[in-house]
Structures are given as structure tokens and as C-alpha cells.
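Now for the letters of each chain:
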Amino acid sequence: MDTLLVSPSSPRPNTTLTTAVPTRRPSPQARTRALTVTSERRPQWNRLRIESPFSACAGLTNTSSNYRMIFLFRSGTIREKTKLVFKATRQHARNLSTFAIIYKASMILLRNIPGGTGKEGRYDTFFAGLLGGYAVFGRQPGSISQQIVIYVFARVMLALAKIAIQPNMHPLSSLITPETRTKMTDNAYPVFASMTWAMVMYIWRWHPETLASSLRSSMVYIYGDSDHWDSLRTLLLHNK
């Protein structure tokens, strides 16, 4: 495990310290994993943010939010809801572990194809992810798999949007001036957030059957059931 020790008094205020730790098996391009430690104003331990591959695995999906939705909006006893949470957790862990095994095995096979260079190719990760995605998530389109895929899809779209405006990324990159690139970066997320909520509210109002059942249930409870109440309890605590 890569370890980075930082003294609380070493970073200066409003500075960013970046340390590159080489991977165990460096690629031909000598890629590295970056551990970035950011200190804001006072260098306190609770302000340190370390980004590594382990944090990405831990936060792949917002499962804690999904579990809260089960307890808040699903019908049934506490015992039944708890069983649903344990079942979802087990399925979530199984999907991720199975995908990781298939992905790593595919990378090893692609790297050791007879007649190859014995090194990682540029598109090996793409094909390994393609195989793992089909085997684990494509063939088992359950609710847990759909949540993971939708989460990853949203992250991919955001990453592609950032790549699209970077210099020298595609033939049209030269048409984007630095000033335009800055404005697009500053305004992209507000537009994205606004349009997302505008569309989901419109769809919920006129085509609710097309939304996922969990999302539809929570929206009905928040925006529909709140139109009818007969006491402060049904207005503020629980309605229907």
C-alpha cells in the first residue's frame, strides 16, 4: 500500500502539495497514481483530502442514500426493510467484486496474447471493461445493477464534457478560445443541474410511469401527497 506522511505544519496556507507515486507495474507511458493533498488556510488534519484508487472504489455508488430511501418510502416493517438493505448490500458487493475479477483477468490475457508486445495496449482497458460490463451488468439488469450503471454513466458524461473542451483533443478544439473555454467551464454545471431538474419534474408530471419506481415513489410523496394534509403531523412528519 502506498503511504504518504504529511506534517500538519509543513504545507503553506492556500497551497497544494502533489506527490506522484509510481505504480507497481508502470505502463509504457509511465503512468502514475497521484495522491493529492490539499490544505486550505490552516493545515489541519480534518481538512486534508487524499484522492486515490481506494477512495474511488469506496464511493462508487451512493448506496447510503438508496438505503435511506428504502426506510423512508418503502412500505413494510422494519425487519422487512432491513432485509432489503442487506440484500441490496450483498448484491452491490457481488457485482463490483465480480466485475473487478473479470476486468483484471481480461487485462492479463490481453497483455499476454501470443505475438503481442507483452505490454498494456492503448485500448486494453476499454475492451476489458466492455467484457466485464456485459458479463456482470448487461446480462443481469436488476435494480442494483441499473443503479450502478446509471451512476457510472453520469460520471462518464461529465468526464467526456470536460474532455470535449480541452485543447488539442479533437479537430474542433482549435475553434474554442481560452475565454470561451473558461465560460463553458464556469456555466456548464449550473445549466446541467437546471435542465436535469426541469426535465425530471416535467416527466414526473406528465409521464410518471417512465420513471424508476423508487424515484417515482419519493417524488409522489414529496410533491404529490403534500398537496393534501389535515394536521401538522401529516404536513411536516408523515403523510399517507
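Just checking my understanding: could you explain the packing of aromatic side chains for this structure?
How two aromatic rings sit relative to each other is set out by the distance from centre to centre and by the angle between their planes. The full count for this structure, using the stated rule, is five aromatic pairs. Ring centres of Tyr189 and Phe192 lie 6.0 Å apart, and the angle between their planes is 45 degrees; on these two criteria the pair is classed as tilted. With Tyr189 and Phe192 both in helix 6 (residues 178-206) and three residues apart, this pair spans about one turn of that helix. Residue Phe192 is classed as partly exposed on the basis of its relative accessible area of 42%. Taken together, the aromatic side chains of Phe99, Tyr103 and Phe137 make up a single cluster linked through ring pairs. Seen from the ring of Tyr123, Arg122 lies directly overhead, with NZ or CZ sitting 6.0 Å from the centre. One residue, Arg205, lies across the ring of Trp206, its end atom 4.3 Å from the ring centre.

Would you mind showing me how to read helix 4 (residues 124-138) here?
The periodicity of an α-helix, 3.6 residues per turn, causes residues three or four places apart in sequence to face the same way. Its 15 residues place the ends of helix 4 19 Å apart at the C-alpha level, agreeing with the 21 Å of an ideal helix rising 1.5 Å per residue. Within helix 4, burial applies to Asp124, Ala128, Gly132, Val136 and Phe137. For helix 4, the elements touching its buried residues are helix 3 (78-111) and helix 5 (143-164).

What is the right way to read the confidence of the model for the protein chain from this model?
Detail in the predicted coordinates should be disregarded across regions flagged by low pLDDT. Averaged over every residue, the pLDDT of the protein chain is 75; residues scoring 70 or more account for 66%. In the predicted structure, residues 1-23 sits below a pLDDT of 50 and forms 37 contacts with residues beyond four places in sequence or in another chain. Contacts for the low-pLDDT stretch residues 25-61, under 50 throughout, to residues beyond four places or in other chains number 63 contacts.

Help me understand the side chain of Ser106, please; the structure alone is not making it clear to me.
In this fold, Ser106 is placed in helix 3. Setting aside its immediate chain neighbours within four residues, Ser106 contacts Ala128 and Leu131.

Explain the packing of helix 3 against helix 5 to me, please; I cannot follow it from the model alone.
When two helices pack together, their arrangement is given by the angle between the helix axes and the distance between those axes. The geometry of helix 3 relative to helix 5 is characterised by a closest axis approach of 9 Å and an angle of 55 degrees between their N-to-C directions. Relative to helix 5, helix 3 is oriented oblique. Considering how the two elements wind past one another, helix 3 and helix 5 form a crossing that is right-handed. Of helix 5, the residues touching helix 3 (which contributes Ala88, Gln91, His92, Asn95 and Leu96) are Ile144, Ser145 and Ile148. The residue makeup of the contact of helix 3 with helix 5, split by class, is four nonpolar, four polar and no charged.

Would you take a moment to explain the nonpolar core for this structure?
The nonpolar side chains of a soluble globular protein tend to be buried with one another. Ala88, Val136, Phe137, Ile144 and Ile148 form the largest nonpolar core, which has five residues in total. When residues of this core are traced back to their parent elements, those giving at least two are helix 4 and helix 5.

Sorry, what's going on with a nonpolar patch on the surface here?
A surface patch of nonpolar side chains, about 580 Å² in accessible area, is lined by Val152, Phe153, Val156, Met157, Leu160, Ile163 and Met169. Along the chain, the position of Met157 falls in helix 5. The class of Met157 is partly exposed, set by a relative accessible area of 37%.

Any chance you could explain the packing of helix 3 against helix 4 here in plain terms?
Remark: helix 3 packs on helix 4, axes separated minimally by 8 Å, with the N-to-C direction vectors making an angle of 145 degrees. In this structure, helix 3 crosses over helix 4, and the sense of that crossing is right-handed. Across from Asn95, Thr98, Phe99, Ile102, Tyr103, Ser106, Met107, Leu110 and Arg111 in helix 3, the residues of helix 4 making contact are Asp124, Thr125, Phe127, Ala128, Gly129, Leu131, Gly132, Gly133, Ala135, Val136 and Phe137. Its residues assigned to classes, the contact of helix 3 with helix 4 shows 11 nonpolar, seven polar and two charged.

Explanation requested: the side chain of Asp124 in the structure shown.
Tracing the backbone through its elements, the reader meets Asp124 in helix 4. Look at Asp124: it is buried, it has no salt bridge, and the nearest opposite charge is Arg111 at 6.5 Å. Other than its neighbours up to four places away in sequence, Asp124 contacts Met107, Leu110, Arg111 and Lys119.

Is there a simple way to explain the environment of Leu131 in this structure?
Looking at the element boundaries, Leu131 is found in helix 4. Through-space distance from the C-alpha of Leu131 to that of Tyr103 is 7.5 Å; in sequence the pair is 28 residues apart. Discounting residues that sit within four places of it in the chain, Leu131 has contacts with Ile102 and Ser106.

Explanation requested: helix 6 in the structure shown.
Taking 1.5 Å per residue as the helical rise, helix 6 with its 29 residues ought to reach 42 Å, and the 41 Å between its terminal C-alpha atoms agrees with that figure. Along helix 6, the sharpest kink reaches roughly 40 degrees, centred on Asn187 and followed within four residues by the proline Pro190. Looking only at helix 6, the buried set comprises Arg181, Val200 and Trp204. Among the structural elements, helix 7 (213-224) are those in contact with the buried residues of helix 6.

How each quantity is defined
- Residues numbered from 1 in each chain as written.
- Predicted model: local features only at pLDDT ≥ 70, side-chain atom pairs only at ≥ 80, totals over all residues.
- Heavy atoms only, no water.
- Phe/Tyr/Trp six-rings, centres within 6.5 Å; stacked < 30°, edge-to-face > 60°.
- Helix = DSSP H or I, 4+ residues; strand = E, 2+ residues; numbered from the N terminus.
- Buried < 20%, exposed > 50% of the residue type's maximum accessible area, 1.4 Å probe, protein only.
- Lys NZ or Arg CZ within 6 Å of the ring centre and 35° of its normal.
- Expected span 1.5 Å × (residues − 1).
- Contact = heavy atoms within 4.5 Å.
- pLDDT = per-residue confidence, 0-100.
- Axes fitted to C-alpha atoms, helices over the stretch in contact; angles between N-to-C directions.
- Parallel < 35°, antiparallel > 145°, perpendicular 65-115°, else oblique.
- Left-handed = near helix turned anticlockwise from the far one by under 90°.
- Nonpolar A, V, L, I, M, F, W, Y, C, P; charged D, E, K, R; others polar.
- Core = buried A, V, L, I, M, F, W, Y, C linked by side-chain atoms within 4.5 Å.
- Patch = residues over 30% accessible without salt bridge, like charges linked within 9 Å, V, L, I, M, F, W, Y side chains within 5 Å.
- Areas by Shrake-Rupley, 256 points an atom, 1.4 Å probe, with all protein chains shown as cover.
- Salt bridge = Lys/Arg side-chain N within 4 Å of Asp/Glu carboxyl O.
- Lys, Arg positive; Asp, Glu negative; His and termini not counted.
- Bend = angle between axes of the 7 residues up to and from the residue.

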